[in-house]
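# Secondary and tertiary structure notes
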Amino acid sequence: MAAISIEALSFAWAQQSPVIDIPSCSIAAGEMVFLQGPSGSGKSTLLNLMTGMLVPQRGEIRIGDTRLNRLNSVARDRFRADHIGFIFQSLNLLPYLSIEANVQLACRVSKQRRQRAIARFGSVQSACTSLLSSLGLAELVDEKRPVSQLSVGQQQRVAIARALIGAPELIIADEPTSALDTASAQRFVALLQAEVKAADATLILVSHDERLAPQFDRVIQLADINQASKTMGGVYVD
Amino acid sequence: MLIKEAIASSWSRRGTLAFIVLTIALSVALLIGVEKVREEVRASFDRSIAGTDLIVGARGGELQLLLYSVFHIGQATRNISWDSYQKIAANRYVEWAEPISLGDSHRGYRVVGAAPSFFEHIRIGRDTALGFSQGAPYKDLYDVVLGAEVAKVLGYQLGEQIVLSHGMGKKSFSDHKDKPFRIVGILAGTGTPVDRSLFVSNEAITAIHVGWEAGVPIAGMQQSAEEVRKLSLTPKDVTAVLVGVKSKLGTFHLQRQINSYRKEPLQAILPGAALQQLWELLRNVESALLIVSACVVVAGLIGMLAVLLTSLSARRRELAIFRAVGARPWHIVFMLVLESALVSLVGALLGLLAAVLGLYLLSPVLEDMGLYLESYYPSWEYLTLLLMIVAAGGLTGIWPGLQAYRLSAADGLSSR
């Protein structure tokens, strides 16, 4: 079964020519996909479509069995909470919450992820502890280190834990390594992939940094699937 | 519900929010202060008349009679005869009747001519009798008893001699110099006009006016203080009579009898009813004060609205994180409503505290203005007021909440 399937997807900002025009694209469950594109190629728009933050004007986007474009906005929010873990480029964490509270935030919003965490680990707390220790962050938690005193790499690892807690089926990371040096970036990706694999989830990592590409099962060049970028002649509007 | 997260978020911005809390606290303190003073003024007026069932005076305005007889505001146009007083005192419904003679003063304070029994019969509030802090009621013709404020402000001690002045005004030109009075008693503070009065016997009032029948001393008619003692000093008339009835049921019978008395145009008023007229008159002023202080609270809330709206642009990152984990629009709205409600709650509680503290600190000033506070603590009725302010504060958060949602929807999950 496909984790994501896209058919004739088209999106344009008001009164402008489309920035996304994807005839067809499918990502299988459990796949590790590297979605590459230079900045301004419509990456962010595509991410917002895949997470249900935006609705396409035409076409279909399906996550698992759910046709995201058929849901209303509240249902899309709920779907995102239950089924998608998202990692930002940086500044993933709320500075006023502890490391653990940041991780558990996903379970505070989604009942389904809370129940899954409890079913698997007995409690949200132990799900959180288990994830953080496999990400090598147990010591920082023990020290009660404030989030603001974590390094960027540590913050991004906490973000992995938050994306994965409660076992969502799809993990989307938007340039998560852009603030890391090459060595750390590769370590980060390896760690992320190990955790995603352990959770039986699907990973889509978006980046313009092609040095990461070899670590993935599959590399998709956004320019290859997005017709809009061709018609614009390489001048991208995002 | 994300309550914990919302509170942690607000706490992390406590530096900015503190100023809004302060603004709301000040406005609430003002509102409560104004309300409290208004209540206390009413209570103080009520206290002054609570023990008196009827006030009898010359026919005229009811409110006017109440004001000059009890509150020493304004003047009587006419007096009533001693004969009428005696008839009232002998009436079968009457428990006690205290004649009072007004018209003289001492350094701006009114002199009240009254019998020694006045101190037994007049009640402060429902059942507190007038008490002496020093000395006792007058026995001699030229003895005087001072109200608490008079003694305090003018620094008088027992045994001192003072001179009364004819008419009102701090610099009266006609003093009763030839007949000085000796201070024999000082009353305890009551928070009523009694504190600002000097008391002498009704006979003393007659005595100091011998030879003053025309309103000024007439040459050749003067008699010395000792000579006057030999005259009959029973007053010919008095300004008003304060009456206590035997049973409350008799009040209305008595009132009707006095109002229809044929020999002299008298009127008997129920002091509570007359006071009610005063409150009717003052209602617009009270409302105006209340509206002004309510406007200050509204201004505080608008200030909060401005701060919350301004803070949103700095909170875009935070909102994006909440949206990324799937927080729904109402989560975002709820967070801002909770924040504004909390800020209002803390502001309102601080304001309450500030009002109590402020009244406590200002009470000497208020006492100088003649207002004695019975308590500094607001009644439970203020709880409704505070709840309304907190509710209004919470509602104020809806707009920034919707604005926050719109902002986060526009930002999406793009890295900005």
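A quick note: this is a predicted structure, and the numbers were derived from the prediction, not measured.

Glancing now at the overall build of chain A. Along its length, chain A carries 10 helices and 9 strands. Whereas a compact globule of 238 residues would reach a radius of gyration of roughly 18 Å, chain A reaches 18 Å, a difference of no more than 12%. Oriented by its inertia axes, the alpha-carbon framework of chain A measures out at about 55 × 35 × 30 Å. Expressed as a percentage of the 238 residues in chain A, the buried residues total 54%.

All names here are of chain A. Take Q36: it is sitting in strand β3 (residues 32-36). Q36 sits in the buried class, given a relative accessible area of 7%. Between the alpha carbons of Q36 and I172 there is a distance of 13 Å; along the sequence they are 136 residues apart. Once residues within four sequence positions are removed from consideration, Q36 is found in contact with S207, H208, E210, V219, I220, Q221 and L222.

A few words on the interface of chain B and chain A. Counting from both sides, the interface comprises 27 residues of chain B and, opposite them, 26 residues of chain A. In terms of surface lost to chain A, no three residues of chain B exceed B:V325, B:R328 and B:L413, which account for 28% of the buried area on that side. At the surface where chain B touches chain A, the tally comes to 2 salt bridges. Its salt-bridge partner being A:D77, residue B:R323 comes within 3.0 Å of it at the nearest N-O pair. At the boundary of chain B and chain A, one finds 4 residue pairs in polar contact (both at pLDDT 80 or more). Elements with a contribution of two residues or more to the side of chain B that touches chain A: α1 (3-12), α11 (316-324), α12 (329-368) and α14 (398-411) of chain B. The element that contributes the greatest number of residues to the side of chain B that touches chain A is α11(B), accounting for 7 residues. Looking at the side of chain B that touches chain A residue by residue, the classes come out as 12 nonpolar, 8 polar and 7 charged.

The next subject is unusual backbone geometry. Residue and element names in this part refer to chain A. Backbone geometry at A8 places phi at a positive 45°, although glycine is not the residue there. For A8, the position within the fold is in strand β1 (residues 2-11). You can call A8 partly exposed: its relative accessible area is 38%. The phi angle at E175 is positive, at roughly 50°, despite the residue not being glycine. Along the chain, E175 falls in the loop between β7 (170-174) and α8 (182-198).

Here we take up helix α4 (residues 111-121) of chain A. By the N-cap criterion, in which a side-chain oxygen at the helix start approaches the backbone nitrogen of a residue two or three places on, α4(A) is capped by A:S110, the distance to A:Q112 being 3.4 Å. Backbone geometry just downstream of α4(A) places A:G122 in the positive-phi region, at approximately 95°.

Parameters at a glance
- All chains use their own residue numbering, which begins from 1 and follows the written sequence.
- Just so you know, chain letters begin at A and ligand numbers begin at 1, following the order they were written in.
- Owing to the predicted nature of the model, reporting of local features is limited to residues with pLDDT of at least 70; listing and counting of side-chain atom pairs is limited to 80 or more, with chain, interface and lining totals taken over all residues.
- With hydrogens and water stripped out, all remaining heavy atoms of the structure feed into the side-chain values.
- The way it works is that DSSP assigns letters per residue, a run of H or I at least four long becomes a helix, a run of E at least two long becomes a strand, and they are numbered from the N terminus.
- Restricting the calculation to C-alpha atoms gives the radius of gyration, and the globule rule supplies 2.2 Å times the number of residues raised to the power 0.38.
- Under the scheme applied here, a residue whose accessible area is under 20% of the maximum for its type counts as buried, over 50% as exposed, and between as partly exposed, the area being computed with a 1.4 Å probe on protein chains only.
- By the convention used here, residues are in contact when the closest approach between their heavy atoms is within 4.5 Å.
- Values labelled buried area give the accessible surface lost by two parts on being combined, using a 1.4 Å probe and summing over both.
- Salt bridges are identified by distance alone: a Lys or Arg side-chain nitrogen within 4 Å of an Asp or Glu carboxyl oxygen.
- Throughout this description, a polar contact denotes any pair of N or O atoms lying within 3.5 Å of each other; where both atoms belong to protein, one of them has to be capable of donating a hydrogen while the other can accept it, and for residues adjacent in sequence the pair is counted only when both atoms sit in side chains.
- Throughout, the ten residues Ala, Val, Leu, Ile, Met, Phe, Trp, Tyr, Cys and Pro are labelled nonpolar, Asp, Glu, Lys and Arg are labelled charged, and all others, Gly among them, are labelled polar.

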